[in-house]
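Spelled out from the first residue to the last, the chains are:
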Amino acid sequence: MNYTTLARSIIRGDRKAAARLISVVEDEEEGYGEAMDMIFSASGRAGVLGITGAPGVGKSTLVFELAKGFRKEGKSVGIVAVDPTSPLTGGAILGDRIRMSELSSDPGVFIRSMGSRGGTGGLSLQASATVRILDALGCEEIIVETVGAGQTQVDIMGLADTVVVVTMPGSGDEVQSIKAGLLEIADIYVVNKMDLPGSMSTAADLRAMIDLVEDWKGWKPPVLLASASGARGLEEVAGSIRRHREWFSDPEAHMERRASQARKEIYDIIASGILRAISSAVTDEEMGELVRLVAERKMSPYDAARKVAGSALPGADLYKAL
Amino acid sequence: MARKIRVLIAKPGLDGHDRGAKVVARALRDAGMEVIYTGLHQSPEQIVQTALQEDVDAIGLSSLSGSHDVLFPRVMELVRKNRMKVLVTAGGIIPEEDVPALRKCGIAAVFGPGTSIEEIVKFHKDRLGRRS
Ligand code: B12
Ligand SMILES: Nc1nc2c(ncn2[C@@H]2O[C@H](COP(=O)(O)OP(=O)(O)OP(=O)(O)O)[C@@H](O)[C@H]2O)c(=O)[nH]1
Ligand SMILES: [Mg+2]
């Protein structure tokens, strides 16, 4: 299959081609770089919104409500929903769509579920390519839902212009975990499930925590109460997203973030591309043999890594790098 | 990287029996596949649009309420209309005498109550290649 043909079809609005190219990238099949260059040139118009937070707080329900709001404004919407891949079997059940099924036959909406596969920061490594593809397809608003996995969903910052951290009333642990990892990434906090007891005090805890930081560089994250399933407080959430976007559209404000996004994406592409290139330089049998030697403690894992890399990069000084 | 098998497990129509669909979804996941589960009450249009966006290799239809004879052929019609290359299987309460018609409209296999999970997993692996 010629991937540049796929890219051209996507730019003309072919949804099936978009679905296919996303799989090609996810499976890390060889030779899609040129197609992604074309996709890149045709993208850059979509607003990208990230939704993150612990498991079960209501991310998918909120994504569904926000997407309906965008649809009412006449905008087309892309949704990328990431669920965890089992590290043991490599399999996954991708269930975020259950909350969005009303949108699945809307021609103005494209929803793609992804397993986190190798990614550890709450996203799949291929999530940014997927966002680009949906952008080139013509989606005006793209919403990315991360894996609900606790404290390490920082990857979303490398992808979204606006990050919403969702939480819900309950144990103080919730706020504790936000302190430990999500504080730096939130542009907006939503305390969802405001219909449950304790939402006011969760919001107060969050505000107290935010007040400890002195310099917010022009944007102090608001803490909003909402009920995604009860359709309460959603106007305010959408309004804050709009305001953040206006603020973020000032190049001064966003250059630093854009630069760190760019840096991360370049390194991700290098890492996965080099790993792919190097791994393909040894056969499965050769790799199996090295694995056996290391498992039997007859060879150091560093030595094995140098042997593999050495057959792909003859002449490189691998003792410095590995 | 190994090509991963992606399967959509869908519940068409008003049928609320979802145990079988969930059992099959978990089994395929445990076999290393990515399984998209739609939840209940899906129209054939929603199922086929979902399959298209998710670029799945297979669609599994589960029905225990007796509406398979209308809904399954409609799914197959839309699969053809969208020129999708996808394996479609089915399961649930489907009388023996209905199976030939379903097979004829393109459903690859029908698995009734009591089918072993191993058989369902093996069927998908055999048909979709060792991609996972
Ligand atoms: C449990 C059950 C319920 C539970 C469902 C709980 C749930 N969340 O699923 C409850 C109590 C809610 C229920 C309600 C009803 N039920 Co009921 N229920 C059953 C029962 C006893 C077992 C179904 C079950 O869960 N089996 C276990 C699972 C694992 O098996 P399975 O679904 O068959 O799946 C296996 C295979 O079929 C196959 N498979 C299934 N799907 C798929 C998909 C793919 C892709 C593949 C490859 C394989 C596959 O693989 C699985 C593993 O082997 C059946 C009778 C029976 N023995 O089947 C009646 C039965 C299905 N129910 C029936 C009826 C009539 C009803 C009600 C209408 C009763 C009423 N009058 O209120 C309601 C309707 C509910 C609704 N909204 O649709 C009838 C349906 C009759 C028909 N089709 O003509 C049955 C057959 C009972 C009967 N003999 O009359 N029910
Ligand atoms: N009481 C209450 N329940 C809600 C609210 N919003 C969502 N829920 C419920 O919370 C549960 C989880 O919702 P999801 O939207 O799937 O949560 P999620 O964060 O996407 O979950 P994961 O993707 O599994 O991490 C569902 O049963 C929702 O119906 C709310 O405002 N109030
Ligand atoms: Mg979710």
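Here the structure is a predicted model, which means the values were calculated and not measured.

**Digging into the coordination of the cobalt atom of ligand 1**
- Coordination of the cobalt atom of ligand 1 by the protein involves just one donor, B:His17 (NE2), at a distance of 2.1 Å.
- Looking at where B:His17 falls in the secondary structure, it is placed in the loop between β1 (6-10) and α1 (19-30).

**Details of the site of ligand 1**
All names here are of chain B.
- With respect to spatial proximity, 24 residues lie near ligand 1, and among them Gly 16, His 17, Asp 18, Leu 64 and Thr 115 are the closest.
- A distance of 2.8 Å is found between a nitrogen atom of ligand 1 and a side-chain nitrogen or oxygen belonging to Ser 62.
- Put simply, the parts of the chain that give the shell around ligand 1 at least two residues each are α1, β3 (58-63) and β4 (87-92).
- At four residues, the largest contribution of residues to the shell around ligand 1 is made by β4.

**Remarks on the packing of helix α3 (residues 33-41) of chain A against helix α5 (residues 127-137) of chain A**
Residues and elements named next belong to chain A.
- As a packed pair, α3 and α5 sit with axes 8 Å apart at the nearest point and diverge in direction by 55°. With respect to α5, the axis of α3 lies oblique. In the crossing of α3 with α5, the sense of the turn from one axis to the other is left-handed. The segment α3 lies against α5, with Met 36, Ile 39 and Phe 40 engaging Ala 129, Arg 132, Ile 133 and Ala 136.
- Taken together, the residues of the contact of α3 with α5 break down into six nonpolar, no polar and one charged.

**As for the interface of chain B and chain A**
- Every contact between the two is made by 29 residues of chain B and, on the other side, 31 residues of chain A.
- Interface area, chain B with chain A, both sides summed: about 2,500 Å², of which 47% is carbon and sulfur.
- In this structure, the connection of chain B to chain A is made through seven salt bridges.
- A salt bridge links A:Asp27 to B:Arg3; the shortest N-O distance between them is 3.3 Å.
- Along the contact surface separating chain B from chain A lie 22 residue pairs in polar contact (both at pLDDT 80 or more).
- Of all the secondary structure elements, the ones that give two or more residues to the side of chain B that touches chain A are α1, β2 (34-37) and α2 (44-54) of chain B.

Rules used in this analysis
Residues numbered from 1 in each chain as written. Chains lettered and ligands numbered in written order. Predicted model: local features only at pLDDT ≥ 70, side-chain atom pairs only at ≥ 80, totals over all residues. Heavy atoms only, no water. Donors = N, O, S within 2.8 Å, 3.2 Å for Na, K, Ca; no water. Helix = DSSP H or I, 4+ residues; strand = E, 2+ residues; numbered from the N terminus. Near = heavy atom within 4 Å. Polar contact = N/O pair within 3.5 Å; in protein donor to acceptor, adjacent residues only side chain to side chain. Axes fitted to C-alpha atoms, helices over the stretch in contact; angles between N-to-C directions. Parallel < 35°, antiparallel > 145°, perpendicular 65-115°, else oblique. Left-handed = near helix turned anticlockwise from the far one by under 90°. Contact = heavy atoms within 4.5 Å. Nonpolar A, V, L, I, M, F, W, Y, C, P; charged D, E, K, R; others polar. Buried area = accessible area lost by both parts, 1.4 Å probe. Salt bridge = Lys/Arg side-chain N within 4 Å of Asp/Glu carboxyl O.

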